[in-house]
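# Commentary on secondary and tertiary structure
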Amino acid sequence: MTTSTNKIISKLATKLVTGTLSALLLTSMPMTVAMQSANAAVANSSTAAKNLNNLLKNVKSMTANFSQTTSGTGGKGLSKASRNFSGTMAVQRPNQFRWQIDGTASQLIVANGNTLWVYDKDLNQATKQSVSNQVGDTPALILSGDPSKIANSFNVTQPIASKNYYVLYPKNGNANFKSLGIAFNSGNPVMMVLNDNLGQTTTIRFNNVKRNTSIASNQFSFTPPKGVDVINQ
């Protein structure tokens, strides 16, 4: 990836794909799961990948509200105050998603299957890049990409075989995050946990989840407002 692309994905990871982390996480998983896993059966890698694939392939589309907290050192060794965001999201396979962060940190991320737009209203700037270059490494695309290809880009683990919580580790050494956790309840994704390379952890919790409903195609299109600075990657 180019340096500029890395910055976009890093920003996406910070403002996002993507919850209250240091208290919830231990070695990239919620603390309750970490504590239980000492005495629970761990699924082998092939079983974990198969189980995750089965869950993801049943999420053909999804809309939800989300709340997000990012905490950590930010790569400088000093703790930062937690940053909280909220908004709405929609995903639809293949490779279509919309992620709207509300409030003072307003940001819109839209992918239509071919092009990924990141629009920062406060910066009066929109960045345009190819989706195909990001699918393997971008957490936000986990829910909209091809489930059968997840194992090509990640080592998939399932800390407790009886629990639908998975931790993915990128196989690409140049990925912008160390691990990505995803939890399901009744077949719905309800939480994602991202540990990035800057020493930050982001937890995203989904609520009001609606799975496999029809989503208007204009939700996955974006035209930069007049006067916005467009950067092509």
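Going by the annotation in an unreviewed UniProt entry, the name recorded for the chain is Outer-membrane lipoprotein carrier protein, with Enhydrobacter aerosaccus given as the source organism. UniProt annotates the chain under Subcellular location (unreviewed entry) with the comment "Periplasm".

### Focus: unusual backbone geometry
With an omega dihedral of 0°, the bond running from Arg93 to Pro94 counts as a cis peptide bond. Even without glycine at this site, Ser186 takes up a positive phi of about 55°. For Ser186, the location among the structural elements is in the loop between strand S11 (177–185) and strand S12 (188–196). Even without glycine at this site, Asn208 takes up a positive phi of about 50°. Tracing the chain through its elements places Asn208 in strand S13 (residues 200–211).

### Some points on the nonpolar core
Of all hydrophobic cores here, the largest spans 37 residues; its most connected members are Leu52, Met89, Trp99, Leu143, Val156, Leu168 and Phe206. The element best represented in this core is helix H4 (residues 45–56), accounting for five residues. Those residues in contact with Leu143 that lie beyond four places of it in its chain are Leu56, Val59, Met62, Met89, Val91, Arg93, Ile182, Pro189, Met192 and Phe206. If you look at the next biggest cluster of nonpolar residues, it comprises seven residues, including Leu108, Val110, Phe222 and Val228.

### What about H4?
Taking 1.5 Å of rise per residue, twelve residues should cover 16 Å, and H4 covers 16 Å from first to last C-alpha, within 8% of that figure. Buried within H4 we find Ala48, Ala49, Leu52, Leu55 and Leu56. Viewed end-on, H4 has its buried residues packed into an arc of 125°, placing them on one side of the element. Away from its buried face, by an angle of more than 90 degrees, H4 presents the exposed residues Ser46 and Lys50. On its buried face, H4 sits against helix H5 (150–153), strand S9 (154–157), strand S10 (165–170) and S11.

### Things to note about the pairing of strand S7 (residues 115–120)
In terms of burial, S7 is a largely internal element, six of the six residues being buried. In S7, alternate side chains face the same way, and those of Thr115, Trp117 and Tyr119 on one face and Leu116, Val118 and Asp120 on the other are all buried. As paired strands, strand S6 (residues 107–112) and S7 are joined by five bridges and run antiparallel to one another. If you follow Val110 over to S7, its bridge partner there is Trp117. Turn length for the S6-S7 hairpin, with the two strands adjacent in sequence and antiparallel, is two residues, and the turn residue Gly113 shows positive phi of about 105°. Bridge count between S7 and strand S8 (residues 125–130): six bridges; the pairing is antiparallel. Paired with Tyr119 across the two strands is Ala126, which belongs to S8.

The rules behind these values
- Residues numbered from 1 in each chain as written.
- Predicted model: local features only at pLDDT ≥ 70, side-chain atom pairs only at ≥ 80, totals over all residues.
- Heavy atoms only, no water.
- UniProt positions renumbered as here; feature names shortened; annotations may be inferred.
- Helix = DSSP H or I, 4+ residues; strand = E, 2+ residues; numbered from the N terminus.
- Core = buried A, V, L, I, M, F, W, Y, C linked by side-chain atoms within 4.5 Å.
- Buried < 20%, exposed > 50% of the residue type's maximum accessible area, 1.4 Å probe, protein only.
- Contact = heavy atoms within 4.5 Å.
- Expected span 1.5 Å × (residues − 1).
- Arc of directions from axis to C-beta.
- Pairing = 2+ DSSP bridges.

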